Amino acid sequence: MKCLLFFSLLLGLIPSVKADLLCTLTSEEEPDVTITMKNVLASGGGTGTLNYKNKPSLYFEVGRWNGYGGEYYVARSYSPESFTEGTKYSERIKNTEKISSGRVVIFVGNQIGRVIDRKERKLGKLRVFMPTLPQGYYYSIPFTEKGEYGRQNLSKEMKTILDASEGFFVDSGGCSKFFGYGED
């Protein structure tokens, strides 16, 4: 009995993973494509992955611009080293290639988030649109060699990611700490 009591006290000391520290955006067009953000940056935004069928395909980062404001994204080739704790950003991304970057347009429901009165923001789902993501992703795919997948012969994964990047990604939970203007 004492062992059971000790074990339950020990489990209480282990910090639990909070759901609000995880952001999942799911493609409206292709639900197999998600963006999962796990690491919140001090200045807003965060780092994570763009996934196909829950498998990382790209390193993904979002942040907030200084000054006028607004948000940006950076998509890079995926490398597990990109998430090594305690290393400088330049070290973490040295084995990756930039795929695309650009503006993130935040919508709450069908209205642009930046112009919605704060009281009305809770009325709609946070939706994210990245207008330059599909072009950057497409041109990162090499030309096709005969019998291989590439720009002229897209694999199912490539086509699905490309189709998803053309549309909106919807907050499936926890994204208000990563993107401005949204409410969970």
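Preceding block: the structure.
All of these numbers come straight from a predicted model, not from anything done at the bench. (Residues numbered from 1 in each chain as written. Predicted model: local features only at pLDDT ≥ 70, side-chain atom pairs only at ≥ 80, totals over all residues. Heavy atoms only, no water.)

Caption draft 1: Summary view of the pattern of salt bridges. If you walk through the whole model with that rule in mind, you get four salt bridges. A salt bridge links Glu71 to Arg64, with the shortest nitrogen-to-oxygen separation between them at 3.8 Å. A residue is classified by how much of its surface remains accessible, and Glu71, at 2% relative accessible area, is buried. A salt bridge links Asp163 to Lys159, with the nearest nitrogen and oxygen atoms 3.0 Å apart. Here Asp163 pairs with Lys159, and both are found in helix 4 (residues 156–165), just four residues apart, close to one helical turn. (Salt bridge = Lys/Arg side-chain N within 4 Å of Asp/Glu carboxyl O. Buried < 20%, exposed > 50% of the residue type's maximum accessible area, 1.4 Å probe, protein only. Helix = DSSP H or I, 4+ residues; strand = E, 2+ residues; numbered from the N terminus.)

Caption draft 2: Region of interest: the environment of Gly174. Note on placement: Gly174 falls in the segment after strand 9 (169–171). Classification of Gly174 as buried rests on a relative accessible area of 10%. Put simply, Gly174 and Thr24 are 150 residues apart on the chain and 6.9 Å apart in space, counted from C-alpha to C-alpha.

Caption draft 3: Molecular detail of the pairing of strand 1 (residues 23–27). The buried fraction of strand 1 is high, at four of five residues. Two strands pair when backbone bridges link them, and strand 1 and strand 2 (residues 33–40) are joined in this way by four bridges, in the antiparallel orientation. Opposite Thr24, over in strand 2, you have Thr36 as the bridge partner. Where strand 1 hands over to strand 2, the hairpin turn is made up of five residues, counted between the paired strands. Here strand 1 pairs with strand 9 via three bridges, running antiparallel. The residue bridging Ser27 from the neighbouring strand is Phe169, located in strand 9. (Pairing = 2+ DSSP bridges.)

Caption draft 4: Examining the pairing of strand 4 (residues 55–64) more closely. With seven of 10 residues buried, strand 4 lies mostly within the body of the structure. One ladder, built from seven bridges, connects strand 3 (residues 46–52) with strand 4; its direction is antiparallel. For Thr49, the partnering residue across the bridge sits in strand 4 and is Tyr59. As paired elements, strand 4 and strand 5 (residues 71–77) share seven bridges and run antiparallel to each other. Along strand 5, the bridge assignment pairs Val62 with Tyr73.

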